[in-house]
Amino acid sequence: MGMTSKYVWMNGALVEFERATVHFLTPALHYGAGVFEGIRCYDAVGGPAIFRLTDHMERLVRSARVFGFLSLPYTAADLAAAARRTVAANGFRECYIRPMIYLTGGGWNLNVDMGEAGVGIAAWEWTNYLGADAVERGVRANISSFTRHHPNVTMTKAKVAGNYANSFLAKTESVRLGFEEAIMLDPEGFVAECTGENLFVVRRGSVFTPSLAPVLEGITRDSVITIARDLGYEVREARIARDQLYGADEVFVCGTASEVIALREIDFRAVGEGTTGPVTRAIQRAYHAAAHGTHPRSAGWLEPVGAEQAPSLRKTGTD
C-alpha cells in the first residue's frame, strides 16, 4: 500500500505531502493522545463522493470531547469541507481519508489541558484492506488471546489513537498464526469486535450483532444494519458467545477500510459452507451499490466532493 498523495491538509492549509510532518516531541506520538476517523471516497455515479462524511466528522469531534479536549479549532462542518478540499486537490476519484485531531505542544504532564489540538487530513488510494480475494472468498480469523477494552478503562465510543495498541497486539498475533483477522472478546468473555471491524452473525435468516456497550459505534455498522433491515432481515443486538460463532450459518465483519467481508473460517472451523453466504452477499452488494450511488440510500449517505468550494478555514476556537 502506497500511502502517498500530492497534498495533506494541516491546520487550515494544504501542504505538500513531504512537508506534512510533526515534531518528534509531539505528545500524540509518545502517548497516542489523539483521535481519528477512517472515511472512504468512492467513484460514484455523478463523480467522486464521500460516504457519510458529515457523520464521520461529527464522530471525530465527539471523540475529541470524550478524550478531553475542551475546545477545538474547527467545527465538524469545517472539517468536512477540508476533507472535500483535500480529495479534490489530490485529484482522487476513489481514496481513503484519514482525519486526526492530536495533542501538540505541552501535555507532558499527562494533562490534555496543557496542550493544544492540532488537526490533519490525509488521503490516499487504498483498496483490498483484507486482501484481494477477501470480497469473494472471505477471510480466516481466530479468537484473539487479547481482550477488548473494558469501557471504564478506556473510552470505547471514541476512536482514540492509543486504543489501537490493543488492535496491533491482536492483529499481529493472528497474522503470525496464519489468519487474516482477529476476533476479540469483551472483558466478560463475550464476542466484542475485530481489530478494526464490527462483527455480525447470521443464524436461521436473522442477523445478530454484539451490543454497543463494549465496542465502537461503527458508522459502517449502522449502515449495514439499515441495509439489512431494508432487505427484510431482522437485526438484533445480543450477547454472543464464542461457540455461537462456530455454529453460525454466516459470520461477517464490516468497517470503513474492509467494507463488508465474510469470515469463512474461525479457529480452524468452517463457518457454514466455508464461503461467503447468501445473506452476507446480499448486504455486501447493497452496501457497494449505496457507496457508488446506485442505491436508494445513496442520496442520503454520499456527499459529492465537488458539491461546494471549501471556505478559507481559520482557527475559530469553537467548542
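Remember, predicted model here, so these are calculated numbers, not experimental data. (Residues numbered from 1 in each chain as written. Predicted model: local features only at pLDDT ≥ 70, side-chain atom pairs only at ≥ 80, totals over all residues. Heavy atoms only, no water.)

Asks: Can you explain the environment of I240? Please cite residues and give values.
Replies: Positionally, I240 belongs in the loop between strand 13 (235–237) and helix 7 (242–246). Judged by relative accessible area, which is 4%, I240 ranks as buried. Each C-alpha atom, one on I240 and one on V201, is 8.6 Å from the other, the two residues being 39 residues apart in sequence. For I240, the residues in contact, after removing those within four places along its chain, are F190, V191, V201, F208, T209, P210 and L245. (Helix = DSSP H or I, 4+ residues; strand = E, 2+ residues; numbered from the N terminus. Buried < 20%, exposed > 50% of the residue type's maximum accessible area, 1.4 Å probe, protein only. Contact = heavy atoms within 4.5 Å.)

Asks: Now, about the pattern of salt bridges: what can you tell me, with residues and values included?
Replies: One pass over the full model with this rule turns up 15 salt bridges. Between E237 and R221 there is a salt bridge; the shortest N-O distance is 2.9 Å. Of this pair, E237 sits in strand 13 while R221 is found in helix 6 (residues 219–230), placing the two residues 16 residues apart along the sequence. Taking the relative accessible area as the measure of exposure, E237 reaches 44% and is therefore partly exposed. For R221, a relative accessible area of 4% gives the class buried. For D230, the salt bridge identified is with R297, shortest N-O distance 2.8 Å. Highlighted residues: D230 in helix 6 and R297 in the loop between helix 8 (278–291) and helix 9 (298–301), separated in sequence by 67 residues. Shared partners join several salt bridges into a network, and the residues in it are R52, D55 and D222. (Salt bridge = Lys/Arg side-chain N within 4 Å of Asp/Glu carboxyl O.)

Asks: Requested: an account of the packing of aromatic side chains, with residues and values cited.
Replies: This model, assessed by the stated rule, comprises 12 aromatic pairs. Centre to centre, the rings of W9 and Y74 are 5.2 Å apart; their planes meet at 65°, and the pair counts as edge-to-face. With W9 in strand 1 (residues 7–10) and Y74 in the loop between helix 2 (53–67) and helix 3 (76–90), the pair connects residues that are 65 residues apart, well separated along the chain. For Y74, a relative accessible area of 3% translates into the label buried. (Phe/Tyr/Trp six-rings, centres within 6.5 Å; stacked < 30°, edge-to-face > 60°.)

Asks: Would you mind going over the nonpolar core in detail, with residue names and values included?
Replies: Ranked by internal contacts, the top residues of the largest apolar core, which has 33 residues, are I50, M57, F69, L79, V87, I97 and I101. Of all the secondary-structure elements, those providing two or more residues to this core are strand 4 (39–44), helix 2, helix 3, strand 6 (95–104) and strand 7 (116–124). The element best represented in this core is helix 3, accounting for six residues. (Core = buried A, V, L, I, M, F, W, Y, C linked by side-chain atoms within 4.5 Å.)

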